[in-house]
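Here is what each chain is made of, one letter per residue.
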Amino acid sequence: MAELSSLLAANIAQGDSVDVVHLRTKFTPCKGLFGEKAMKSDETHNASASNHLFLLSQDHLFVFGLEIIVYDTQERRYIFVSKADSTGFQTSKLSVLRPATVAILLHLVHSEHVRPVQAKETVICFFAISQGQYLFPESANNGKKHVCSDTDLVKWWVKVLESVRKQLEDNKVSSVSKEPQQKPRKEKSLEVKVEESVTGHLYVPGFTNLKQFFPNEFWFSDTVFDNGTATKLIPRFPDDPKARYLDELELQNDDMQTDKFWETLSFRQECCSGKLVAFFSLCIPQVSTVSKPSGLLVGPKLYQKMYSQLLQYSFVSPAVTKESTLGFLGSLQRVFARKKGEHFRVYETINGCNKDTLNETKPLNKRNVNSDTSRPMNVLIPRKKQKTH
Ligand SMILES: CC(=O)SCCNC(=O)CCNC(=O)[C@H](O)C(C)(C)COP(=O)(O)OP(=O)(O)OC[C@H]1O[C@@H](n2cnc3c(N)ncnc32)[C@H](O)[C@@H]1OP(=O)(O)O
């Protein structure tokens, strides 16, 4: 059972209903994951990438969004969580955001691979930096949003990844050993005879006492990238705080080793400017089942267009958020109505029978849309100090 809708239904609390929009692009060749040089010299570093945008709504208001890029290389699948953001308008009593994130990650672990799946491991990885807003402009100021502090964000992600880890372990068909098997990860030459465990890894430059965040012995204070030349072995993701350092090393033909790279990263401005930067990885040695990809397959241009459109709406109050949600869904519906017919639904309802949202969809509302489309709001920079509770 790795279909997104089943995973969502299984993870979110009974009685909670959510509508889910999932936009995705096909896997296409992607340059630069390991820098230009490594890509030219080493076939295994050639990657294909597929973009995913998940938007969850409750009562016709967007409540949560996740942007994820899946990279397939010959050796590994990287599931890179690019942005996670909420509006604060969720109606559930219990957290719906964490279980939804778990379900989405589990789905991507199992969905369509472009290279033979048995040949590689999967790594869910990302860097967590707490900020007022990423995907929902002006939501930081809406009074309802709960913006996690640095350390609460670390705890939030540990809970998410631990739940993914546990569900993957529980679903193993046959497990020779459930002991954590971390050591062989660093020593590639050692053949691992026992089935390896799924392990969580956290590295925060400048922080030594990370054990306080770990729920069990399957978690480690380190990263999952092999020992060797940093520029060749550490991937560079969009907006990645470590990418500039790697680019600089590459330019200087510096073959700094990974250990030293992580050590010295804590002195870099990107990681010591007062905000905590947490590098997370969940290492999944084997994936046994593959599910059909879900969601709306769109071309890269339409994906970008819809993504930019989202960043031009406002999520400053419930009323405006409802207009923005319906405006976005309406735009998407119009695109798909042309292709698939008026009655095609661009979202899926999990655990419920909401009335048809799209009867209420409206064209873009100029009142709450930034009219200068060439200059979308920069949601990476919070404009006002957000309310914390
Ligand atoms: C890879 C990345 O993108 S990292 C970047 C993460 N994103 C951001 O920093 C953007 C702004 N932040 C956010 O949108 C949010 O803080 C999120 C999405 C990270 C988490 O949202 P939350 O609303 O805190 O999530 P959730 O509903 O799971 O609640 C988490 C906990 O906070 C508690 N909580 C929720 N709202 C409140 C509130 N208003 N006051 C006090 N506690 C609250 C919940 O009860 C829950 O507690 P539990 O852990 O004991 O179960």
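Residues numbered from 1 in each chain as written. Predicted model: local features only at pLDDT ≥ 70, side-chain atom pairs only at ≥ 80, totals over all residues. Heavy atoms only, no water.

Scanning the model with the defined rule gives 15 salt bridges in all. When the shortest N-O distance is used, the salt bridge between Asp72 and Arg77 registers 2.8 Å. Each member of the pair Asp72 and Arg77 is classed as buried. Between Arg236 and Asp247 there is a salt bridge, and its shortest N-O distance comes to 2.7 Å. Here Arg236, found in the loop between α6 (230-233) and α7 (243-251), pairs with Asp247, found in helix α7; they are 11 residues apart in sequence, far enough to count as distant. By relative accessible area, which is 8% here, Arg236 ends up buried. Members of the salt-bridge network, linked through shared partners, are Arg244, Glu248, Arg268 and Glu270. (Salt bridge = Lys/Arg side-chain N within 4 Å of Asp/Glu carboxyl O. Buried < 20%, exposed > 50% of the residue type's maximum accessible area, 1.4 Å probe, protein only. Helix = DSSP H or I, 4+ residues; strand = E, 2+ residues; numbered from the N terminus.)

The next point concerns a positive patch on the surface. Together, Lys305, Arg334, Arg338, Lys339 and Lys340 line one region of the surface with positive charge. When residues in the positive patch are grouped by element, the largest group, 4 residues, is from helix α10 (residues 318-340). We classify Arg338 as exposed; its relative accessible area is 69%. (Patch = residues over 30% accessible without salt bridge, like charges linked within 9 Å, V, L, I, M, F, W, Y side chains within 5 Å. Areas by Shrake-Rupley, 256 points an atom, 1.4 Å probe, with all protein chains shown as cover. Lys, Arg positive; Asp, Glu negative; His and termini not counted. Charge placed at Lys NZ, Arg CZ, Asp CG, Glu CD.)

Within helix α1 (residues 4-11) the residues assigned to the buried category are Leu4, Leu7, Leu8 and Asn11. Looking straight down α1, one finds that the buried residues subtend no more than 100 degrees of arc, so they occupy a single side. On its buried side, α1 packs onto β1 (18-24), β3 (47-58), α3 (97-110), α4 (150-170) and β11 (348-350). (Arc of directions from axis to C-beta. Contact = heavy atoms within 4.5 Å.)

In short, shape yes, function no, at least from these values alone.
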